[in-house]
Amino acid sequence: LAGLWTVFTLGGVGSKAAPQLEQSSPLANQSLLLLLVLANLTDAPDTPNPYRQAITSFKNTQDNTAFSSSNPHAFQINFNSLYTALCEQQKSDQATLLLYTLLHQNSNVRTYVLARTDIENLV
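Cut-off values and rules
Residues numbered from 1 in each chain as written. Predicted model: local features only at pLDDT ≥ 70, side-chain atom pairs only at ≥ 80, totals over all residues. Heavy atoms only, no water. Helix = DSSP H or I, 4+ residues; strand = E, 2+ residues; numbered from the N terminus. Buried < 20%, exposed > 50% of the residue type's maximum accessible area, 1.4 Å probe, protein only. Contact = heavy atoms within 4.5 Å. Areas by Shrake-Rupley, 256 points an atom, 1.4 Å probe, with all protein chains shown as cover. Salt bridge = Lys/Arg side-chain N within 4 Å of Asp/Glu carboxyl O. Core = buried A, V, L, I, M, F, W, Y, C linked by side-chain atoms within 4.5 Å. 1 Å grid on protein atoms, 1.4 Å probe; cavity = no way out; pocket = protein on both sides within 12 Å on 5 of 7 lines; lining within 4 Å. Points joined across faces, edges and corners; volume = space filled by probe spheres on them. Nonpolar A, V, L, I, M, F, W, Y, C, P; charged D, E, K, R; others polar.

**What about the overall build of the chain?**
Part 1 of the reasoning: Counting secondary structure elements, the chain contains 7 helices and 2 strands.
Part 2 of the reasoning: Starting at the N terminus and ending at the C terminus, the chain contains elements arranged as α-α-α-α-β-β-α-α-α.
Part 3 of the reasoning: Put simply, the chain has 123 residues, and 34% of those count as buried.
Part 4 of the reasoning: Expressed as a percentage of contacts within the chain between residues at least 6 apart in sequence, the contacts between residues at least 24 apart total 54%.
Part 5 of the reasoning: For the chain, the exposed area adds up to about 7,200 Å²; of that, 56% sits on carbon and sulfur atoms.

**Topic: the pattern of salt bridges**
Part 1 of the reasoning: Within this structure, the stated rule accounts for 2 salt bridges.
Part 2 of the reasoning: Close ionic contact of Asp43 with Arg52 constitutes a salt bridge, the shortest N to O distance being 3.5 Å.
Part 3 of the reasoning: Arg116 is the salt-bridge partner of Asp118, the closest N and O atoms lying 2.9 Å from each other.
Part 4 of the reasoning: According to the relative accessible area criterion, Asp118 is buried, its value standing at 19%.

**Things to note about the nonpolar core**
Part 1 of the reasoning: Phe58, Leu86, Leu98, Leu102, Val109 and Leu122 are the most contacted members of the largest nonpolar core, which totals 20 residues.
Part 2 of the reasoning: Residue assignment for this core shows that the elements contributing at least two residues are helix H3 (26-39), helix H4 (50-57), helix H5 (79-88), helix H6 (93-105) and helix H7 (107-115).
Part 3 of the reasoning: If one sorts the elements of this core by residue count, H5 sits on top with 5 residues.

**Observations concerning empty space enclosed by the protein**
Part 1 of the reasoning: Counted according to the given criterion, the structure contains 2 cavities of 30 Å³ or more.
Part 2 of the reasoning: Quantified by volume, the second largest cavity comes out at close to 40 Å³.
Part 3 of the reasoning: In terms of lining, the second largest cavity is formed by Phe79, Leu82, Tyr83, Leu86, Val109, Tyr112 and Val113.
Part 4 of the reasoning: Every element with two or more residues in the lining of the second largest cavity is listed here: H5 and H7.
Part 5 of the reasoning: The greatest single-element share of the lining of the second largest cavity, amounting to 4 residues, is contributed by H5.
Part 6 of the reasoning: Its residues assigned to classes, the lining of the second largest cavity comprises 7 nonpolar, no polar and no charged.

Here it is, written out as structure tokens:
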């Protein structure tokens, strides 16, 4: 899921209207929708959903603790960049749904967002 960051950086500025944003970066919007669908598929009885595992367990690259995980789907992303991108894209329903998913399913993201002093930018 290293392409998660690509979803946010392919285009669009948060100050644009939503229809213009969708026209200017259809690949980013479709990629984000696909990521959300994959992450919300139900787990199979014998294997958990790897997309959900990745969404719920990724960590901050700025975290000082060593990155060692038994989860084969674990990865790291810069939370400051992710937070900035989410703030800029909040006019997009897809970005808002991703934020909701991350806040509810990833305790690392939730802790980071709650520790921010500029949370009004997100709200």
